[in-house]
Amino acid sequence: MSAVMITRKVSRKWEKLPGKNTFCCDGRVMMARQKGVFYLTLFLIIGTCSLFFAFECPYLAVHLSPAIPVFAVLLFVFVVAMLLRTSFSDPGVLPRALPEEANFIEMEIEAANGNVMAGQRPPPRIKNVQINNQIVKLKYCYTCKIFRPPRASHCSICDNCVDRFDHHCPWVGNCVGKRNYRYFYLFTLSLSLLTIYIFAFDIVHVVLRSVDSGFLSTIKETPGTVLEVLVCFFTLWSVVGLTGFHTYLISLNQTTNEDIKGSWSGKNRVQNPYSHKNIIKNCCEVLCGPNYPSVLDRRGLMLEDSTSPAPPAASAASTHKSSNPVSQTTKSSAPLILNEHTPDEAKPSIGAGPQKSTSSPKEEKPPSPTSPNAVAPAVIKESAH
Amino acid sequence: MATEFHNLQELRHSASLATKVFIQRDYSDGTICKFQTKFPAELDSRIERSLFEETVKTLNCCYAEAEKIGGQSYLEGCLACATAYIVFLCMETRYEKILKKISMYIQEQNEKIYAPRGLLLTDPIERGMRVIEISIFEDSGSTSSSSTGSPSSGTAQ
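Source: prediction; values computed, not measured. Along each chain, residues carry numbers from 1 onward, in the same order as the chain's sequence is written. By the order in which they are written, chains take letters starting at A while ligands take numbers starting at 1. Local features in this predicted model are restricted to residues of pLDDT 70 or higher, and side-chain atom pairs are both shown and tallied only at a pLDDT of 80 or more, whereas totals for entire chains, interfaces and linings draw on every residue. Each side-chain value is derived from all of the structure's non-hydrogen atoms; neither hydrogens nor water enter the calculation.

Engineer: Any chance you could explain the overall build of chain B here in plain terms?
Structural biologist: When its secondary structure is counted, chain B shows four helices and three strands. Put simply, DSSP marks the helices as runs of H or I at least four residues long and the strands as runs of E at least two long, and each gets a number from the N terminus on. For chain B, the N- to C-terminal ordering of α and β elements is α-β-α-α-α-β-β. With 157 residues in all, chain B has 48% of them scored as buried. Should any heavy atoms of two residues lie within 4.5 Å, those residues are considered in contact. Counting contacts in chain B only where the partners sit at least 6 residues apart, residues at least 24 apart contribute 64% of the total. Summed over all atoms, the accessible surface of chain B reaches about 7,600 Å², with 54% contributed by carbon and sulfur. Relative accessible area decides the class of each residue, using a 1.4 Å probe on protein chains only: under 20% of the type maximum gives buried, over 50% gives exposed, and in between gives partly exposed. To measure how exposed things are, a 1.4 Å probe is used in the Shrake-Rupley method; for residues, cover is taken only from the protein chains shown.

Engineer: Would you mind going over the packing of aromatic side chains with me for this structure?
Structural biologist: In this description, a pair of aromatic rings is defined by centroid distance and the angle of the planes. Residue and element names in this part refer to chain A. Each aromatic pair joins two rings of Phe, Tyr and Trp (for Trp, the six-membered one) with centres within 6.5 Å, and gets the label stacked for planes under 30 degrees apart, edge-to-face for over 60, and tilted for any other angle. Evaluated as defined, the whole model comprises 18 aromatic pairs over all chains. Between F38 and F88 the ring centres are 6.1 Å apart and the planes differ by 65°, which places this aromatic pair in the edge-to-face class. Here F88 lies in helix α2 (residues 67–88) and F38 lies in helix α1 (residues 36–63), a separation of 50 residues in the sequence. Relative accessible area serves as the criterion here: at 3%, F38 is assigned to the buried category. One aromatic cluster in this structure is built from F199, F233, F234 and W237. We call a charge positioned over a ring when the NZ of a Lys or the CZ of an Arg lies within 6 Å of the ring centre and within 35 degrees of the ring normal. Looking at K178, its charged tip hangs above the ring of Y292, at a distance of 4.1 Å from the centre.

Engineer: Is there a simple way to think about helix α4 (residues 181–213) of chain A in this case?
Structural biologist: Side chains that are three or four residues apart share a direction in an α-helix, a result of its 3.6 residues per turn. In this analysis, the expected span of each helix is defined as 1.5 Å times one less than the number of residues it contains. Taking 1.5 Å of rise per residue, the 33 residues of α4 of chain A would be expected to cover 48 Å, and the 47 Å separating its terminal C-alpha atoms lies within 8% of that figure. Downstream of α4 of chain A by one or two residues, G214 of chain A has phi in the positive range, about 90°.

Engineer: Can you help me understand the pattern of salt bridges in this one?
Structural biologist: Pairing is possible between side chains that carry opposite charge, provided their charged atoms lie close to one another. Here, a salt bridge means any side-chain nitrogen of Lys or Arg that lies within 4 Å of a carboxyl oxygen of Asp or Glu. For the structure on display, the rule yields 17 salt bridges over all chains. A salt bridge links E101 of chain A to R130 of chain B; its shortest N-O distance comes to 3.0 Å. In this pair, E101 of chain A is assigned in helix α3 (residues 99–113) and R130 of chain B in the loop between β2 (119–122) and β3 (132–137), connecting two distinct chains. Note on accessibility: E101 of chain A and R130 of chain B belong to one class, buried. As a salt-bridge pair, K100 of chain B and E92 of chain B come within 2.4 Å of each other at their nearest N and O atoms. Taken together, the shared-partner salt bridges connect E100 of chain A together with K20, R127 and E133 of chain B into one network.

See the structure below:
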């Protein structure tokens with residue numbers, strides 16, 4: 001008779017979270033899976049600014065003013081801080097419904113629908129609520145098993161419902177939602193300023209130096225200038241345009257998602273019930289509103305009882321449980337091979353979300369609104385699948 | 001924390017969980033956090049309507065205060081922006097402070113009012129601020145009134 005060890009493994013909740021996010025620093029950092037474009041953004045910003053500090057700043061500090069590099073440094077630090085804040089924070093992910101809540105909602109829906117004749121399609125799962133004298137439809141999310149709050153939307157890339165979903169931005173490698181929208185806006189705004197700043201002072205520098213030593217020798221002395229000007233020129237149009245677009249959205253208290261879908265436009269449609277009809281008030285609400293805390297408990301501790309003597313491999317044990325210690329009695333017999341498909345056999349009967357298979361990429365090519373996924377998805381071992 | 005959890009387990013073993021009721025969000029005032037005060041039928045025999053409504057109304061007030069857009073939130077926002085939001089690494093936001101207050105309030109309500117009636121409130125933050133979950137335990141002369149608020153074993157963040 002073999003002795004069975006009952007081990008209690010303490011893990012953090014982020015390891016078991018459904019959805020396609022990557023987590024770093026023990027759950028403190030949360031990003032989307034595909035991060036290639038984010039690295040490109042970081043590289044472009046840091047690279048261009050380094051060239052500026054190396055080539056232009058010494059000359060400008062001496063010949064014009066030392067305030068120029070100082071202000072550039074401050075702006076650069078602010079841009080990077082905003083970028084990291086946008087990329088690393090929880091955009092406002094709504095956790096999926098636990099089984100009891102999901103069942104409760106199902107029962108409510110069935111009660112509301114009454115008897116559906118066999119063969120007839122059941123009516124769509126929509127709830128109507130009245131907000132500010134307008135009727136807003138709340139849709140049911142089949143993945144998360146909840147009725148989405150107003151303005152929330154399900155991101156197919158991250159496989160999460162996000163509150164006040166704006167869009168999924170590959171440049172920052174994360175969704176933009178309620179919690180990080182203001183950081184995103186400040187990032188685009190400060191990046192516009194930084195781009196204009198560098199572009200302007202590049203021109204000033206070239207002009208000043210050319211007066212002394214001629215244009216060609218200026219380019220030879222500071223070859224970085226050409227690169228900077230190119231990068232800034234192309235960045236300028238897109239980033240300044242984006243900033244302008246988001247300024248427009250903020251003044252109307254709309255999200256990109258609502259704008260694209262045309263939720264509040266057109267005569268027959270509902271007017272935006274969230275707008276205060278006052279540009280200042282709308283801006284204040286979006287930019288100076290309270291800082292919403294994350295409702296996704298990433299760093300909470302979870303205790304798991306494991307009856308198998310096999311070494312507990314955290315990544316292979318990705319079952320659907322996000323709730324409290326329910327003992328896993330299923331994985332007792334087979335030797336634990338670190339195979340991606342093992343958990344499918346050992347799936348407990350509570351179906352909290354059918355989509356969460358392990359790291360096999362099921363829907364790896366979702367439509368991205370801004371730019372195509374540049375880099376192949378990086379498989380991160382510490383992720384929560 | 002370990003001892004509280006242990007007591008709650010005892011409650012769960014001695015008084016078995018009958019069902020759970022979920023109080024949904026009330027979106028009539030927009031996207032602010034507010035819960036419906038409609039009294040669920042399942043609680044009819046367990047608790048007085050006024051007590052329940054009082055609890056939900058107090059919670060709604062606390063959330064409204066946390067989400068209020070006024071002088072203090074502007075100040076906090078501008079100060080944080082000026083420091084590139086680095087100040088939030090060391091400082092707690094106003095919302096977080098109020099959430100702590102709410103958590104204490106729910107714990108107190110559970111101890112004084114709900115646990116003696118075989119009910120248990122779950123802090124909405126543990127359910128994504130979507131619902132107030134009320135667990136209804138079968139009346140088996142339970143009243144191990146040392147039960148406390150949050151049933152989760154994790155630290156809410």
